[in-house]
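Each chain, letter by letter, is given below.
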Amino acid sequence: VQLQAYGGGLVQAGGSLRLSCAVSGRTFSSTVTGWFRQAPGKEREFVATIRWSGGNTYYADSAKGRFTISRNNGKNTVALQMNSLKPEDTASYYCAARGYTLAPMSNMSSQYDYWGQGTQVTVSS
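Residues numbered from 1 in each chain as written. Predicted model: local features only at pLDDT ≥ 70, side-chain atom pairs only at ≥ 80, totals over all residues. Heavy atoms only, no water.

### Thoughts on unusual backbone geometry
Logical step 1: A positive phi angle is found at asparagine 76, which is not glycine, with a value near 55 degrees.
Logical step 2: Mapped onto the elements, asparagine 76 comes out in the loop between strand E7 (67-72) and strand E8 (77-82).
Logical step 3: Residues other than glycine seldom take positive phi values, yet serine 84 does so here, at roughly 50 degrees.
Logical step 4: Take serine 84: it is sitting in the loop between E8 and strand E9 (91-97).
Logical step 5: Residue serine 84 is classed as partly exposed on the basis of its relative accessible area, which comes to 41%. (Helix = DSSP H or I, 4+ residues; strand = E, 2+ residues; numbered from the N terminus. Buried < 20%, exposed > 50% of the residue type's maximum accessible area, 1.4 Å probe, protein only.)

See the structure below:
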């Protein structure tokens, strides 16, 4: 199983970015994929997660109303649309997937089995 995150970059405060995560090596129609982020000197924190089957979503409070997670089952990709970005959103963003069928959504990084490399998001003030 491989996950590849891309789409990061440098943006001014108030701007938008769209991150994508390509999942390969396995059919994830019945499990959960999420986004986490980690800023220098800080612990990795949950951003959002989505269930591939049904499209149920769950967001961190910091992401509600500004970020939208979505999936494209046919292309095996998960996207994170980020609007109204703030300097405090600056971090490396990681996509991750839970490893078993019908896994519940979770905001705990320890419950995700597969991880992609990070993509850097920098928001300037």
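Now that the structure has been shown, we can carry on.
### Concerning the sheet that holds E8
Logical step 1: Spatially, the four strands line up as an open sheet ordered E1-E3-E8-E7, and their pairing is antiparallel. Every other strand in the sheet has two partners, leaving strand E1 (2-6) and E7 as the edge strands with one partner each. Across the sheet, the mean angle separating the axes of adjacent strands is 15 degrees when strand polarity is ignored.
Logical step 2: Where E7 lies against E8, six bridges are found, and the strand directions are antiparallel. Paired with threonine 68 across the two strands is glutamine 81, which belongs to E8. (Pairing = 2+ DSSP bridges. Axes fitted to C-alpha atoms, helices over the stretch in contact; angles between N-to-C directions.)

### Examining the environment of leucine 19
Logical step 1: Structurally, leucine 19 is set in strand E3 (residues 17-24).
Logical step 2: Residue leucine 19 is classed as buried on the basis of its relative accessible area, which comes to 0%.
Logical step 3: For the pair leucine 19 and glutamine 2, spaced 17 residues apart in the sequence, the C-alpha separation amounts to 16 Å.
Logical step 4: Look past the residues within four positions of leucine 19 in its chain and what remains in contact with it is Tyr6, Gly7, Gly8, Trp35, Val78, Ala79, Leu80, Met82, Tyr93, Thr119 and Val121. (Contact = heavy atoms within 4.5 Å.)

### Considerations on the pattern of salt bridges
Logical step 1: All chains considered together, the criterion is met by four salt bridges.
Logical step 2: Here aspartate 89 and arginine 37 are joined by a salt bridge, their closest N and O atoms 2.9 Å apart. Here the residue aspartate 89 occupies a position in the loop between E8 and E9, and arginine 37 occupies one in strand E4 (residues 32-38), the gap between them amounting to 52 residues.
Logical step 3: The residue arginine 66 makes a salt bridge to aspartate 89 at a minimum N-O spacing of 2.7 Å. Of this pair, arginine 66 sits in the loop between strand E6 (57-59) and E7 while aspartate 89 sits in the loop between E8 and E9, and the two are 23 residues apart along the sequence. Here the two residues arginine 66 and aspartate 89 agree in accessibility, since each one is buried.
Logical step 4: Each of the salt bridges in this network shares a partner with another, and the network as a whole consists of Arg37, Glu45, Arg66 and Asp89. (Salt bridge = Lys/Arg side-chain N within 4 Å of Asp/Glu carboxyl O.)

### Examining the nonpolar core
Logical step 1: The biggest cluster of nonpolar side chains holds 27 residues, and the ones touching the most others in it are Trp35, Val47, Phe67, Ile69, Leu80, Met82 and Tyr93.
Logical step 2: At the level of elements, E1, E3, strand E5 (45-51), E7, E8, E9 and strand E11 (119-124) are the ones that each hand at least two residues to this core.
Logical step 3: Counting residues in hydrophobic clusters, the runner-up holds six residues, among them Phe36, Phe46, Ala96 and Tyr112. (Core = buried A, V, L, I, M, F, W, Y, C linked by side-chain atoms within 4.5 Å.)

### A short note on the packing of aromatic side chains
Logical step 1: Under the criterion given, the structure shown has five aromatic pairs.
Logical step 2: Pairing phenylalanine 36 with tyrosine 112 gives two aromatic rings, centres 5.1 Å apart and planes at 75 degrees, and the pair type is edge-to-face. One end of the pair, phenylalanine 36, is in strand E4; the other, tyrosine 112, is in the loop between E9 and strand E10 (114-115), and 76 residues separate them in sequence. Comparing phenylalanine 36 with tyrosine 112 shows no difference in burial state: the two are buried.
Logical step 3: Members of the aromatic cluster, joined through ring pairs, are Phe36, Phe46, Tyr58, Tyr112 and Trp115.
Logical step 4: Directly above the aromatic system of tyrosine 94 lies the positively charged group of arginine 44, at a separation of 4.0 Å from the ring centroid.
Logical step 5: The lysine or arginine in question, arginine 44, covers the ring of tryptophan 115, its NZ or CZ lying 4.7 Å from the ring centre. (Phe/Tyr/Trp six-rings, centres within 6.5 Å; stacked < 30°, edge-to-face > 60°. Lys NZ or Arg CZ within 6 Å of the ring centre and 35° of its normal.)

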